[in-house]
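Coordinate analysis (summary)
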Amino acid sequence: MNSKFLGTGVALVTPFKSDLSVDHNALANIVNFNIDNGTDYLVICGTTAESVTLTEQEKKEVIKTISNTNNGRLPMVLGIGGSNTANVIEEIKTTDLSNIDAILSVSPYYSKPTQEGIYQHFKAISEASPVDIILYNVPGRTSKNVETETTIRLAKDFQNIIAVKEAGNNVSQYLELLKNKPEDFLIISGDDDLALGIVLAGGAGVISVIGQAFPKEFSEMIRLGLKGDVKAAYKYHFKLMDVIGYIFEENNPSGIKAVFETLNLCQDRVRLPLVPASNPLKEKISAFVNEF
């Protein structure tokens, strides 16, 4: 089993300054904050990083900042995915993946391919990728569910497809995946609210949004879950439950950036079409953080 990706990975934000340029100092601080507090691996340029609004140059600079700050301490996963299979392959081939441990590749969005289309898309990516691949199923954003049979088929057919980040918020699909997966294939929760339950059912851990703001508590919860210490793990779950709800109330990453602003780790700036969290939501978030 690929133990690099057991436990808590965090889908890092891209902090912005007031003029909406990338705040590399804040980014380095967030990376160190996570490494110092028990996060197991870092996920770069995922949805939470607002990667669709970053230029190619900005992406390169973000990867460089995270990579230099991390300095080989934790495994790193890089988001490379999209709806144009040829473009995804081109990006894989032209990106320096020498210190990247795996790519996280989202299922095609907007175009709504069939299950066979999804299979062929990931087959092509598997054949092109020099590093391991974590599939990413997030039907709420792609408008197309990667069905259990498709994920299991990919897991069995391609050795470098080692895991799925499942984020359909669908417990029965998670359980079906856990029941039918090949032994060494990892089921990683992409749903912060379900992560502990999925780990207790046999999941490998989580790629989390809230985990980057509460790395000590969240990664400890997952660690306890992996050990089967149910009562102690749920104590952390109940402590964090409200804020997990808050950060997804309007949109991601506006919610998590409002948490970071309260923690003085970065500004709450996001790029359009996203807008910062509303004042009532910010008030709830800062009250929670200050009490926490």
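In this report, the structure presented in the accompanying data block is examined.

A count of helices and strands for the protein chain gives 12 helices and 8 strands. For 292 residues, the compact-globule formula gives about 19 Å, and the C-alpha radius of gyration of the protein chain, at 18 Å, lands near that figure. Seen through its principal axes, the protein chain has C-alpha atoms that stretch 50 × 45 × 35 Å. Within the protein chain, the fraction of its 292 residues that count as buried is 55%. Contacts in the protein chain between residues at least 24 apart in sequence constitute 71% of all its contacts with a sequence separation of at least 6. For the protein chain, the exposed surface amounts to about 12,600 Å²; the carbon and sulfur share of it is 49%. Each charge class in the protein chain can be summarised by its mean position, and for the 27 positive and 35 negative side chains these summaries are 1 Å apart.

Considered as a void within the structure, the largest pocket measures approximately 730 Å³ in volume. Lining the largest pocket are 31 residues; nearest its centre among them are T47, S51, V52, V106 and Y109. Looking at the lining of the largest pocket, the elements with two or more residues in it are α2 (56–70), α3 (85–94), β4 (102–106) and α5 (139–142). Class assignment for the residues of the lining of the largest pocket results in 12 nonpolar, 13 polar and 6 charged.

What follows covers unusual backbone geometry. With omega at 15 degrees, the peptide bond leading from N252 into P253 counts as cis. The residue P253 is located in the loop between α10 (230–247) and α11 (254–262) in this model. With an omega of 15 degrees, the peptide bond between L272 and P273 qualifies as cis. Within the fold, P273 resides in the loop between α11 and α12 (279–291). If you check the backbone angles, Y110 has positive phi at about 70 degrees while not being a glycine. Considering the arrangement of structural elements, one finds Y110 in the loop between β4 and α4 (115–128). Overall, Y110 belongs to the exposed group, its relative accessible area being 77%. Notably, N169 is not glycine yet its phi reads approximately 50 degrees, a positive angle.

Turning our attention to the pairing of strand β7 (residues 186–189). Because side chains alternate across β7, one face comprises the buried residues L186 and I188, and the other comprises I187 and S189, equally buried. Across 4 bridges, strand β6 (residues 161–166) lies against β7 in parallel orientation. Bridge assignment links A163 to a residue of β7, and that residue is L186. Handedness of the crossover joining β6 and β7 through helix α7 (residues 171–180): right-handed. Bridging between β7 and strand β8 (residues 205–208) involves 2 bridges; their strand directions are parallel.

Below, the discussion takes up the sheet that holds β8. One closed barrel holds the 8 strands; their spatial order is β1-β2-β3-β4-β5-β6-β7-β8, and the pairing between them is parallel. Between one strand axis and the next, the sheet turns through 25 degrees on average, direction left out of account. Relative to β4, strand β3 (residues 76–79) is paired through 3 bridges, and the arrangement is parallel. By the bridge assignment, V77 is partnered in β4 with A102. In this fold α4 packs onto β4, β5 (132–137) and β6, with an angle of close to 160 degrees to the strand it touches most, β4.

Attention now moves to the environment of F214. On the secondary structure map, F214 appears in the loop between β8 and α9 (215–227). Residue class for F214 comes out buried when judged on its relative accessible area of 5%. Separated by 181 residues in sequence, F214 and F33 place their C-alpha atoms 9.5 Å apart.

Another point: the packing of α10 against α12. Two packed helices can be described by the angle between their axes and the distance between those axes. Two elements in contact, α10 and α12, have axes separated by 10 Å at closest approach and are oriented at 160 degrees. Here α10 is positioned roughly antiparallel relative to α12, judged by the angle of their axes. In the crossing of α10 with α12, the sense of the turn from one axis to the other is left-handed. Seen from α10, the contacting residues are K239, L240, D242, V243 and Y246; seen from α12, they are L281, K284, I285 and F288. Broken down by class, the residue content of the contact of α10 with α12 amounts to 6 nonpolar, no polar and 3 charged.

Calculation notes
- Residues numbered from 1 in each chain as written.
- Predicted model: local features only at pLDDT ≥ 70, side-chain atom pairs only at ≥ 80, totals over all residues.
- Heavy atoms only, no water.
- Helix = DSSP H or I, 4+ residues; strand = E, 2+ residues; numbered from the N terminus.
- Rg over C-alpha atoms; globule rule 2.2 N^0.38 Å.
- Buried < 20%, exposed > 50% of the residue type's maximum accessible area, 1.4 Å probe, protein only.
- Contact = heavy atoms within 4.5 Å.
- Areas by Shrake-Rupley, 256 points an atom, 1.4 Å probe, with all protein chains shown as cover.
- Lys, Arg positive; Asp, Glu negative; His and termini not counted.
- Charge placed at Lys NZ, Arg CZ, Asp CG, Glu CD.
- 1 Å grid on protein atoms, 1.4 Å probe; cavity = no way out; pocket = protein on both sides within 12 Å on 5 of 7 lines; lining within 4 Å.
- Points joined across faces, edges and corners; volume = space filled by probe spheres on them.
- Nonpolar A, V, L, I, M, F, W, Y, C, P; charged D, E, K, R; others polar.
- Pairing = 2+ DSSP bridges.
- Right-handed = clockwise from strand over helix to strand, strands pointing away.
- Axes fitted to C-alpha atoms, helices over the stretch in contact; angles between N-to-C directions.
- Parallel < 35°, antiparallel > 145°, perpendicular 65-115°, else oblique.
- Left-handed = near helix turned anticlockwise from the far one by under 90°.

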